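# What the coordinates show
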Amino acid sequence: MGEEEEEKRKVAAEAGAPPAPVRAAPGLCVGPVTLNVGGKFYSTTLETLTRFPDSMLGAMFRGPRPACTDRHGHYFIDRDGKAFRHILNFLRLGRLDLPEGYPELALLWAEADFYQIRPLLAELSQLAAERRRCRTHAVLHADVCCRERLLHFTVRGGPQNYGLSTCSLRLFAANVFCTDGHFLALLRGRLGQAADAAGEEESGAAEEWGAARGLGRCEPGKEEAEEGQSRHHVHLEWAPRPPDLPEAEYAKQKVRPLRMAPPNGREIGTAAEFLEEVLKMALDQGFRVDAIFPDPEDILNSRSLRFVRH
């Protein structure tokens with residue numbers, strides 16, 4: 001590419017016009033290009049990779065043939081392969097398109113800085129500033145209710161010796177709304193509700209605990225979308241096992257206890273214990289109590305708490 005053509009490209013970029021397609025350097029293919037980024041494979045075109053000529057990728061694919069390839073001849077880049085998906089989408093679309101509540105913004109910024117894609121860095125900076133603004137001013141509301149289910153079951157006292165027994169099972173339901181999605185992510189983690197979507201990195205102890213956690217309608221993913229939840233809402237249901245209820249009968253009720261995440265693992269057995277955890281987290285994150293229902297003088301025996309942060 002001559003100096004005159006390069007100058008025209010810089011002028012167009014300063015005027016806000018999209019960069020013109022870049023011609024491949026001699027020796028580079030002009031068809032689909034396969035990249036191996038940290039073990040993840042992506043197929044794209046030379047035009048996409050060189051969309052921003054001043055970036056590292058633009059320089060890499062406009063100059064001599066890149067020397068680093070894997071054993072299959074794919075161009076190898078030793079960077080985070082998962083984050084490169086968003087890098088490539090930005091090159092394709094010319095805009096940042098992240099899932100709601102994307103949690104790895106710092107990592108993506110580091111990757112964009114490595115590739116030196118300045119328009120992407122600018123958009124990431126704007127997104128980070130918006131998130132900081134939302135976290136500074138936030139509203140948090142938590143409510144919990146309890147109902148009882150009377151259970152009748154038989155108890156074996158010995159051979160041919162059966163008796164009828166009765167006990168009450170307490171069923172709890174809680175809803176937590178917060179305009180700061182980061183707070184709810186912390187809450188999920190503290191209550192053991194932030195399971196890894198792939199489920200491949202759980203330790204044995206965590207897997208055992210995970211099978212006994214609260215009814216998880218707050219886990220992210222497909223179920224969350226189907227039930228209308230979002231990063232601003234967590235819904236929990238749980239039922240502690242009464243001491244006089246046999247485990248086999250408890251299992252028949254299709255309910256689960258709610259526990260703190262490992263290594264604590266403590267079971268939350270009452271509404272007061274749940275609200276206490278929410279209260280401690282809220283105060284740690286800079287919230288202050290704004291309203292207590294029904295008795296403003298008895299915060300831990302309340303059914304609803306409202307917090308604000310300015």
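In this text the structure is predicted, and so the values were computed from the model without any measurement. (Residues numbered from 1 in each chain as written. Predicted model: local features only at pLDDT ≥ 70, side-chain atom pairs only at ≥ 80, totals over all residues. Heavy atoms only, no water.)

What follows covers the overall build of the protein chain. Assigned secondary structure in the protein chain consists of 11 helices and 10 strands. Looking at the 310 residues of the protein chain, the share that counts as buried comes to 37%. Restricting to contacts in the protein chain with at least 6 residues of sequence separation, those with at least 24 account for 61%. Carbon and sulfur atoms form 52% of the exposed surface of the protein chain, whose accessible area is close to 17,700 Å². (Helix = DSSP H or I, 4+ residues; strand = E, 2+ residues; numbered from the N terminus. Buried < 20%, exposed > 50% of the residue type's maximum accessible area, 1.4 Å probe, protein only. Contact = heavy atoms within 4.5 Å. Areas by Shrake-Rupley, 256 points an atom, 1.4 Å probe, with all protein chains shown as cover.)

With that settled, the discussion passes to the confidence of the model for the protein chain. Looking at the protein chain as a whole, the pLDDT averages 80, with 76% of positions reaching at least 70. Highest mean pLDDT in the protein chain belongs to helix H4 (residues 84–93) (96); lowest belongs to helix H8 (residues 204–210) (37). Across residues 17–28, confidence stays below pLDDT 50; counting only partners more than four residues off in sequence or on other chains, it has 26 contacts. Confidence drops under a pLDDT of 50 for residues 193–228, and excluding neighbours within four residues, the segment shows 53 contacts in the predicted structure. (pLDDT = per-residue confidence, 0-100.)

This paragraph deals with the sheet that holds strand E2 (residues 40–45). The three strands lie next to each other as E2-E1-E3, forming an open sheet whose pairing is mixed. Each having just a single partner strand, E2 and strand E3 (75–77) make up the two edges of the open sheet. Each strand axis lies, on average, 30° off the axis of its neighbour in the sheet, ignoring direction. Direction of pairing for strand E1 (residues 32–37) relative to E2: antiparallel, over a ladder of six bridges. (Pairing = 2+ DSSP bridges. Axes fitted to C-alpha atoms, helices over the stretch in contact; angles between N-to-C directions.)

The N-to-C vectors of helix H7 (residues 181–190) and helix H11 (residues 271–284) enclose an angle of 135°; their axes lie 11 Å apart at closest approach. The angle between the axes of H7 and H11 places the two elements in the oblique class. For the crossing formed where H7 meets H11, the hand is right-handed. Facing Phe-183, Leu-186, Leu-187 and Arg-190 of H7, the residues of H11 in contact are Glu-277, Val-278, Lys-280, Met-281, Ala-282 and Asp-284. (Parallel < 35°, antiparallel > 145°, perpendicular 65-115°, else oblique. Left-handed = near helix turned anticlockwise from the far one by under 90°.)

Once that is clear, we can look at the packing of aromatic side chains. Within the structure shown, the criterion is met by eight aromatic pairs. With centroids separated by 5.2 Å and ring planes inclined at 65°, the aromatic side chains of Tyr-42 and Phe-84 adopt a geometry described as edge-to-face. Of this pair, Tyr-42 sits in strand E2 while Phe-84 is found in helix H4, placing the two residues 42 residues apart along the sequence. Taken individually, Tyr-42 and Phe-84 each receive the classification buried, so the pair is uniform in this respect. With a centroid separation of 5.9 Å and 20° between ring planes, the pair formed by Phe-52 and Phe-90 is classed as stacked. Residue Phe-52 is found in the loop between helix H2 (46–49) and helix H3 (56–60), and its partner Phe-90 is found in helix H4; the two are separated by 38 residues along the sequence. (Phe/Tyr/Trp six-rings, centres within 6.5 Å; stacked < 30°, edge-to-face > 60°.)

Using the criterion set out here, one finds 10 salt bridges in the structure. One salt bridge in this structure joins Arg-79 and Glu-111, with 2.9 Å as the shortest N-O distance. Here Arg-79, found in the loop between E3 and H4, pairs with Glu-111, found in helix H5 (residues 105–115); they are 32 residues apart in sequence, far enough to count as distant. A relative accessible area of 26% places Arg-79 in the partly exposed class. Take Glu-111: its relative accessible area is 5%, and that puts it in the buried class. Across the pair Glu-247 and Arg-241 runs a salt bridge whose closest N-O atoms are separated by 4.0 Å. For Glu-247, a relative accessible area of 58% gives the class exposed. For Arg-241, a relative accessible area of 34% translates into the label partly exposed. (Salt bridge = Lys/Arg side-chain N within 4 Å of Asp/Glu carboxyl O.)

Pairing of strand E4 (residues 138–158) with strand E5 (residues 161–178), which is carried by 18 bridges, proceeds in the antiparallel orientation. Each bridged residue has a counterpart across the sheet, and for Val-144 the counterpart in E5 is Ala-174. If you look at the hairpin formed by E4 and E5, you'll find two residues sitting between the two strands, and Gln-160 has a positive phi there, around 60°.

So, about the sheet that holds strand E9 (residues 288–293). Read from one edge to the other, the open sheet built from five strands follows the order E6-E5-E4-E10-E9, with strand pairing classed as antiparallel. Taken across any chain shown, the strands that pair with only one partner, and hence form the sheet edges, are strand E6 (233–238) and E9. When strand polarity is set aside, the average angle formed by the axes of neighbouring strands in this sheet is 20°. Sheet analysis places E4 next to strand E10 (residues 304–309), joined by six bridges and oriented antiparallel. Looking at the pairing, Leu-140 lines up with Phe-307 of E10.

Attention shifts here to the packing of H5 against helix H6 (residues 118–136). With their axes 9 Å apart at the nearest point, H5 and H6 run at an angle of 160° to one another. Classified by the angle between their axes, H5 and H6 sit roughly antiparallel to one another. When the axes of H5 and H6 are compared, the crossing they make is left-handed. Between H5 and H6, the contacting residues are Leu-105, Leu-108, Trp-109, Ala-112 and Asp-113 on the first element and Leu-120, Leu-121, Leu-124, Ser-125, Leu-127, Ala-128 and Arg-131 on the second. Looking at the contact of H5 with H6 residue by residue, the classes come out as nine nonpolar, one polar and two charged. (Nonpolar A, V, L, I, M, F, W, Y, C, P; charged D, E, K, R; others polar.)

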